[in-house]
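In case you want the letters, here they are:
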Amino acid sequence: MSSPAIKVNDLRKSYGTHEAVSGLSFEVRRGEVFGLLGPNGAGKTTTVEILEGYRSRSSGEVSVLGFDPSSREREMRERIGIVLQSSALYRHLSVHETLDYFASLYPHPRDVAETIEMVGLGGKDSARTRTLSGGQQRRLDLALALIGDPELLFLDEPTTGFDPQARRAAWETIRSLRSLGTTIVLTTHYLDEAQALADRVAIIKDGRIVAEGSPAEIGGGAAHDVQISWRRKDGTVETRSTDNPTELLNQLTGEALAAGEQLDELRVARPSLEDVYLDLTAEEDLASD
Ligand SMILES: Nc1ncnc2c1ncn2[C@@H]1O[C@H](COP(=O)(O)OP(=O)(O)OP(=O)(O)O)[C@@H](O)[C@H]1O
Ligand SMILES: [Mg+2]
């Protein structure tokens, strides 16, 4: 099947008079990792929870695995997995009991012990969930999203609170799920995470998409200048911008070689996803106050 996993057309959501989502349109292809980026309050969780069937929309068209999520059909819910931005767990149950319970809600669940290992909670099998550390609870959240062996996974800031090793382990889990064909919608504030995992990202600001494409396209896009810099003999750093770095480098190195000089600390830098993100989401309003 090559129809997209998710189709969103002119999605809008208002809370009272405040429009939090203001006409979003995008598609998520089957088997890709799609990143949703944007500042606090941009409308990411609102959008994701509409797709999951947890919130109603004000207007627009939404299709998730061919379903309208607002109809909350059981079949759709059995085929998706969810890590909510904030979750409420059964605090008196153990890790194993919690997963056992959720596994019983799905037609073809993953093995509970295997899932516990997958998220690195092996030693915490019989621990009450209320005794877990913040990062361990987040790992349990990830396990709960995986337990139903979903074909579409929604991860809203899944690695917030993870230590660096746990984050890398979660990245490996996400990569292996992707290689097995799972479609993944990933919300994150970690731009290195988006860069490492996402096939495509959308950057959202004030409920609108301000950029969309692969991290490489957005980061190193042709519209952006490449910066070439080096240290001169007098110690100052010279920086030139160019859209043709090959030619400029050839010229600069040619001149240096002819003069018998070195281009010390020579650097060629493309704007990173983070540079572009910060640029696109900058708050102009702050300056006018
Ligand atoms: N239940 C609600 N009632 C009223 N306003 C809400 C509600 N949920 C969200 N909002 C508002 O809608 C806007 C978007 O919120 P949302 O949670 O979607 O942002 P987000 O992009 O997920 O932010 P974050 O990065 O902080 O998680 C915010 O201004 C928020 O205050
Ligand atoms: Mg959010």
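Since this is a predicted model, take the numbers as computed values, not measurements.

So, the overall build of the chain
Inference 1: Per the secondary structure count, the chain includes 11 helices and 12 strands.
Inference 2: Here the analysis covers contacts within the chain between residues at least 6 apart in sequence; of these, 64% occur between residues at least 24 apart.

Considering the nonpolar core
Inference 1: Judged by nonpolar contacts, the single largest core of 60 residues is most densely connected at A143, A145, F154, L155, I184, V185 and L186.
Inference 2: Per-element tally for this core: the top contributor is helix α5 (residues 134–146), with six residues.
Inference 3: Looking at which domains feed residues into this core, each of domain 1 (6–219) and domain 2 (226–288) gives three or more.
Inference 4: The residues contacting V185, other than those within four sequence positions of it, are V28, F34, L36, V48, F154 and L155.

Some details on the sheet that holds strand β1 (residues 6–15)
Inference 1: One open sheet holds the three strands; their spatial order is β2-β1-β4, and the pairing between them is antiparallel. For this open sheet the edge positions go to β2 (18–28) and β4 (59–64), each flanked by a neighbour on one side alone. Sheet twist, expressed as the average angle between the axes of neighbouring strands with direction ignored, equals 25 degrees.
Inference 2: With eight bridges joining them, β1 and β2 adopt antiparallel strand pairing. Residue pairing in the sheet places S14 in a bridge with E19 of β2.
Inference 3: Against the sheet, helix α1 (residues 44–52) makes contact with β1, β2 and β4, and its axis sits at roughly 120 degrees relative to β1, the strand it touches most.

A short note on the site of ligand 1
Inference 1: Taken together, the neighbourhood of ligand 1 is formed by Y15, A20, G38, N40, G41, A42, G43, K44, T45, T46 and Q85.
Inference 2: No other element matches the three residues that α1 contributes to the shell around ligand 1.
Inference 3: Residue composition of the shell around ligand 1, grouped by class: three nonpolar, seven polar and one charged.

Quick notes on the rules
Residues numbered from 1 in each chain as written. Chains lettered and ligands numbered in written order. Predicted model: local features only at pLDDT ≥ 70, side-chain atom pairs only at ≥ 80, totals over all residues. Helix = DSSP H or I, 4+ residues; strand = E, 2+ residues; numbered from the N terminus. Contact = placed C-beta atoms within 7 Å. Core = buried A, V, L, I, M, F, W, Y, C linked by C-beta atoms within 7 Å. Buried ≥ 20, exposed ≤ 12 C-beta atoms within 10 Å, placed from the backbone. Domains from an automatic or database assignment. Pairing = 2+ DSSP bridges. Axes fitted to C-alpha atoms, helices over the stretch in contact; angles between N-to-C directions. Near = placed C-beta within 6 Å. Nonpolar A, V, L, I, M, F, W, Y, C, P; charged D, E, K, R; others polar.

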